[in-house]
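What follows is the residue order along each chain.
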Amino acid sequence: MARAKQWTVDIVIDERNDERCTRAEARLQMPDRIGLVGCGAARRNPADPRVPQIGDELAVSRALADLAHGLLEAAGDIERITRKGTQRPYGDAGGTR
């Protein structure tokens, strides 16, 4: 029977410049290799109302997207080692099920 693996993503959100700039890091922890980090940022236009949750959500979504791209690049290692292409079940852009 196959053993289940567990990876953990920690998300750190930092607001700067009077809550006008939000930065997020998505840190992937894997027990069998060095973790990956994805970064994202969002800026609020000074004319827009202060809704910190929107900046948090944008920055986190961008950090997770950056992390996903890093994982796809890491999967490219498989192609170099095996000399076989990797298959992406949802097309080149990833997408949803």
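Rules used throughout
Residues numbered from 1 in each chain as written. Predicted model: local features only at pLDDT ≥ 70, side-chain atom pairs only at ≥ 80, totals over all residues. Heavy atoms only, no water. Helix = DSSP H or I, 4+ residues; strand = E, 2+ residues; numbered from the N terminus. Buried < 20%, exposed > 50% of the residue type's maximum accessible area, 1.4 Å probe, protein only. Contact = heavy atoms within 4.5 Å. Pairing = 2+ DSSP bridges. Axes fitted to C-alpha atoms, helices over the stretch in contact; angles between N-to-C directions. Salt bridge = Lys/Arg side-chain N within 4 Å of Asp/Glu carboxyl O. pLDDT = per-residue confidence, 0-100. Core = buried A, V, L, I, M, F, W, Y, C linked by side-chain atoms within 4.5 Å.

Next up on the list: the overall build of the chain. When helices and strands are tallied, the chain shows one helix and three strands. Put simply, the chain runs from its N terminus to its C terminus through helices and strands in the order β-β-β-α. For the chain, buried positions account for 20% of its 97 residues. Sequence separation of at least 24 residues holds for 37% of the intrachain contacts in the chain that already meet a minimum separation of 6.

Taking strand neighbours across the sheet as the criterion, the three strands line up as S1-S2-S3 in an open arrangement whose pairing is antiparallel. Two strands lie at the open edges of the sheet, namely strand S1 (8-16) and strand S3 (33-43), each paired on one side alone. Strand-to-strand, the axes of this sheet are offset by a mean angle of 15°, without reference to chain direction. Sheet analysis places S1 next to strand S2 (residues 21-30), joined by nine bridges and oriented antiparallel. Of the residues in S2, the one forming a bridge with Glu 15 is Thr 22.

On to the pattern of salt bridges, then. Inspection of the entire model under this criterion finds three salt bridges. Here Glu 25 and Arg 23 are joined by a salt bridge, their closest N and O atoms 3.0 Å apart. You can call Arg 23 partly exposed: its relative accessible area is 32%. For the salt bridge of Arg 27 with Glu 25, the shortest nitrogen-to-oxygen distance reads 2.6 Å. Of the residues examined, Arg 27 reaches a relative accessible area of 33% and is grouped as partly exposed.

Residue-level pLDDT values for the chain average 83, and 82% of them are 70 or greater. Per-element mean pLDDT across the chain ranges from 88 in helix H1 (residues 52-82) up to 95 in S2.

Looking now at the nonpolar core. Membership of the largest hydrophobic core is limited to ten residues, which are Ala 24, Ala 26, Leu 28, Met 30, Leu 36, Ala 42, Ala 59, Val 60, Ala 63 and Leu 67. For this core, the secondary-structure elements that each account for two or more residues are S2, S3 and H1.

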